[in-house]
Amino acid sequence: MSEPKAPTPTPGDTYKGWLFKWTNYIKGYQRRWFVLSNGLLSYYRTQAEMGHTCRGTINLATANIAVEDSCNFVISNGGAQTYHLKASSEVERQRWITALELAKAKAVRMQAESDDSGDECSTSPPSGGQGIGARNSEVQSTLRTLGSKVEDLSTCNDLIAKHGSALQRSLSELEGVKLGGDTSDKIRQVTERATLFRITSNAMINACRDFLALAQAHSKRWQKALQAEREQRVRLEETLEQLAKQHNHLERAFRGATVLPASQSNPTADSKGSGPGKGDASDDDENEFFDACEDVQEFITIPADPKYHRRSGSNVSGISSEIGMDDGTTSLDEQSLASNPESPQSQEVEPVRKRRARIPDKPNYSLNLWSIMKNCIGKELSKIPMPVNFNEPISMLQRLSEDLEYSELLDRAAKCQSSLEQMCYVAAFTVSSYSTTVHRTGKPFNPLLGETFELDRLQESGYRSLCEQVSHHPPAAAHHVISERGWTLRQEITVASKFRGKYLSIMPLGTIHCIFEKSNNHYTWKKVTTTVHNIIVGKLWIDQSGEIDVINHRTGDRCHLKFAPYSYFSRDVARKVTGVVTDKDGKAHYVLSGTWDEKMECSRVMQSSRGGENGMEGRQKTVYQTLKPRELWRKTPLPEGAETMYYFSSLALTLNESEEGVAPTDSRRRPDQRLMEQGMWDEANAEKQRLEEKQRSVRREREREAARLANTAEEAVIEDTITDSPLKSVPQDNYKALWFEHREDPVTGEPTHIYKGGYWETKEQGHWDICPDIF
């Protein structure tokens, strides 16, 4: 199919058309759409990609253009980028060569002019160059104004000198006249003053001239220094982005998945490799970053022999028949598990109070995340000042309370007769807490020190929850939940986060405890790492990865959960979670599988054996023969219109709903958070700055008070040494939590904050005068 003939290019024209670009020795030349504009040559797979995906760009100001034969030519910028191109005919090739030479000459000329005037480098967008040029013009205008002022002063000086000379002549003539002695003295005094006035005027003019000469001499030097700083900043940003991409490619190479047969056989994807001497190694690379390896499973599950389904009990897996999860009998919770989802156990009780189901839609305010985050690489996330544009209108305390979205799993676990069966529900609960994060790229508000959040769902779900921010640096929140359905949950979470350039890692530190009153089983586990990808380029997306060990400290049972990191090349389901429930002797009883954003299932293990070796590490995989899987948990669909409401779940929509009687430190009373929810983001930003400055002021005052108490303690030690009197205890901590006390955990031995009681009693009495004023 013949292409329409392009007009002969002229300087300043945008030239575009089809060319064939060499990719690699497997695919050879591929047809690409090229666009030449403002000294930059860019290419796309199709014309439709021009609006969103550029496959590559080369700057002609530093490029060499060479003709190989009648249709082929090469563009290179010294080794980093080399385009081997082929036109459809010799005439078409000559049109492109002419256009490229004209564009290169213009780019070189503009770069030279930019070097002389101190404008932005030639690779900067035109709009940025115009802004710098305007500032330079302002400087030159100021210098011209100073020069004109000095000329005015010179004119004045000439006039002063002229009139001063005339005055001196007149005075000299008067001095020759015979007058009284006093008159002559006065005339001499006037003459001296006139001379001094002239000398002073000359000195002033000379000083002004020196200033002007100095300003003119240093003006270009300052401009060049500023230009060098700008160029260095641009180079560093480009280097950082390139390093992020190279790091991703190195990860792929290290994990042995740089080239996969599946990607080679895909006719729609370009090969990432190229032969030596030609092509661009990263031709048509995508903008998103993904791990390249496919996670190797540690075990394999296969259906068990049908004979196991007919047995009332089996000792193969070590589970007694009284559990009955997967054999002929049905346990207490089997109906609520999956077989009868319409049972009253699984249905949510109609709440006494009607909760809200909507919040104001999120405003469509655009803000470049990279423009802020590029200055924060390596810093702690909690110490980075962020506008509310990156937030969601809830605090970290409320986000922590969202772990109770599927508290009914713990209700079912509390009724289990078997600790192994109970472990399955607890493990499903740990996974369910991540289901609300899949689309939640917004950052919760950092709680202020002393901020609290209560979640009273006693009538609806049978529990009461309380969170308190017990530390600010590092940020730490204590959480306590008591349920009248037989379980207690407590935790203290400290969030450590680092920005790594292309992704953001959030590492929750701390142990979660769950205690069941009836069996006295005490479970503990920790959270996995949350990663926010594509900070630099592409669409933000969230992944959960790592391993969790859920431990029953009374029986020794254990569940090892593995959150597989997302892999672009994996044939497995995304966001996969697998786990094995074992007893204290390490014998497997249940296999868990599912995804952290959708559902979890469990299968009873009937027999296990060693299978084939893991080819990557040389270890043998364990093969589990399991019964038909049963569903433990399934995610509730998001409310209608959730994409315009920050992807909040039904519970999250109610967390910031105003309630009467809550503590004055409750997150619902936080003004900047409330303003953001109402769509008043400018006002929210101003209020956020006010609260942060108030918190800093309170912290400085608290540090001064701590220093004063320390000095008092030293004086008391000296006095006790003399009088042998007992030393009174002096508080050492700068801040003491109101509802939690800091002590050693009786199970793990870790220092932690444990609820000391009194909050709900204080709420009933309405005595909130003990709460600090933080808002």
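Scroll up for the structure.
Keep in mind the model is a prediction, meaning the values are calculated, not measured.

Counting its secondary structure elements, the protein chain contains 13 helices and 27 strands. Taking the contacts inside the protein chain whose residues are at least 6 apart along the sequence as the reference set, 60% of them involve residues at least 24 apart. By element, 52% of the accessible surface of the protein chain is carried by carbon and sulfur atoms, the whole surface being about 40,700 Å².

Now for the nonpolar core. The biggest cluster of nonpolar side chains holds 64 residues, and the ones touching the most others in it are Trp487, Leu489, Phe516, Trp525, Leu561, Phe563 and Leu592. Considering every element that reaches this core, the biggest residue donor is helix α9 (residues 419-432), with nine residues. Apart from the residues within four sequence positions on either side, Leu489 is in contact with Leu404, Phe429, His479, His480, Val481, Ile512, His513, Cys514 and Trp525. One finds Ile65, Ile75, Leu100 and Ala103 within the second-largest nonpolar core, a separate group that totals 20 residues.

Time to look at α9. Since the α-helix turns once every 3.6 residues, residues separated by three or four places project in the same direction. An ideal rise of 1.5 Å per residue puts 20 Å on 14 residues; α9 measures up with 20 Å between its terminal C-alpha atoms. Counting buried positions over the 14 residues of α9 gives 14, a clear majority of the element. Two or three places before Leu420, at the opening of α9, Ser418 has a side-chain oxygen 3.2 Å from that residue's backbone nitrogen.

What follows deals with empty space enclosed by the protein. Vacant regions in the atomic arrangement are exposed by a probe of water-molecule size rolled over the atoms. The tally for this structure, following the rule as stated, stands at three cavities of 30 Å³ or more. Put simply, the largest cavity is a space of about 60 Å³. Surrounding the largest cavity, Asp403, Phe429, Thr430, Ser433, Tyr434, Leu489, Gln491, Ile512, Trp525 and Lys527 form its lining. Looking at the lining of the largest cavity, the elements that each hand over two or more residues are α9 and β14 (487-499).

We now examine the pairing of strand β16 (residues 512-516). Counting buried positions along β16 gives five out of five residues, so the element sits mostly inside the fold. Side chains of β16 alternate between two faces, with Ile512, Cys514 and Phe516 and His513 and Ile515 buried alike. With five bridges connecting them, β14 and β16 associate as antiparallel partners. Bridged to Gln491 within β16 is Ile512. Bridge count between β16 and strand β17 (residues 522-525): four bridges; the pairing is antiparallel. By the bridge assignment, Cys514 is partnered in β17 with Tyr523.

Here the focus is the pairing of strand β21 (residues 576-582). The buried fraction of β21 is high, at seven of seven residues. Alternating residues of β21 divide into Lys576, Thr578, Val580 and Thr582 and Val577, Gly579 and Val581, and every residue in both groups is buried. Across six bridges, strand β20 (residues 558-563) lies against β21 in antiparallel orientation. When the sheet's bridge partners are listed, His560 is paired in β21 with Val580. Where β21 hands over to strand β22 (residues 588-595), the hairpin turn is made up of five residues, of which Gly586 adopts a positive phi near 85 degrees.

To continue, consider the packing of aromatic side chains. Scanning all chains against the criterion turns up 18 aromatic pairs. Each ring, one from Tyr43 and one from Tyr83, has its centre 5.5 Å from the other, and the planes form 85 degrees; the classification is edge-to-face. Separated by 40 residues along the polypeptide, Tyr43 in strand β3 (residues 40-44) and Tyr83 in strand β7 (residues 82-86) bring together distant segments of the chain. You can call Tyr43 buried: its relative accessible area is 0%. Ring centres of Phe516 and Tyr523 lie 5.7 Å apart, and the angle between their planes is 90 degrees; this geometry places the pair in the edge-to-face category. A relative accessible area of 0% means that Tyr523 is categorised as buried. In textbook terms, an aromatic cluster arises when at least three aromatic residues are bridged by ring pairs, as seen for Trp739, Tyr759, Trp760 and Trp768. The ring of Tyr29 has Lys86 lying over it, and the distance from NZ or CZ to the ring centre is 4.6 Å.

Rules of the game
- Each chain has its residues counted from 1, following the order in which its sequence is written.
- Totals for whole chains, interfaces and linings use every residue, but because this is a predicted model, local features are given only for residues with pLDDT of at least 70 and side-chain atom pairs only at 80 or more, for both listing and counting.
- Note that the side-chain values use all heavy atoms of the structure and ignore hydrogens as well as water.
- Only DSSP runs of H or I covering at least 4 residues are called helices, and only runs of E covering at least 2 are called strands; the numbering of each starts at the N terminus.
- Any two residues whose heavy atoms approach within 4.5 Å at even a single point are treated as in contact.
- The method behind every accessible area is Shrake-Rupley, applied with a 1.4 Å probe, and residues are considered shielded solely by the protein chains displayed.
- Nonpolar cores are built from buried Ala, Val, Leu, Ile, Met, Phe, Trp, Tyr and Cys residues. Side-chain atoms within 4.5 Å join them into one set.
- Burial here depends on accessible area, computed with a 1.4 Å probe over protein chains only, as a share of the maximum for the residue type. Under 20% is buried, over 50% is exposed, and the range in between is partly exposed.
- Multiplying 1.5 Å by the helix residue count minus one yields the expected span of that helix.
- Under the rule applied, a polar contact is a pair of N or O atoms within 3.5 Å (in protein, one hydrogen donor and one hydrogen acceptor; residues adjacent in sequence only if both atoms are side-chain atoms).
- The distinction between a cavity and a pocket rests on a 1 Å grid over the protein atoms alone: a 1.4 Å probe fits inside a cavity but cannot get out, while a pocket stays open yet meets protein on both sides within 12 Å along at least five of seven lines, and a residue with an atom within 4 Å of a point counts as lining.
- Grid points are joined across faces, edges and corners, and a volume is the space filled by probe spheres set on the points.
- DSSP bridges decide pairing: two strands pair if at least two such bridges lie between them.
- Between the rings of Phe, Tyr and Trp (Trp by its six-membered ring), a pair exists once the centres lie within 6.5 Å; its type follows the angle of the planes, with under 30 degrees stacked, over 60 edge-to-face, and the other angles tilted.
- Only Lys NZ and Arg CZ are tested; either one counts as a charge over a ring when it is within 6 Å of the ring centre and within 35 degrees of the ring normal.

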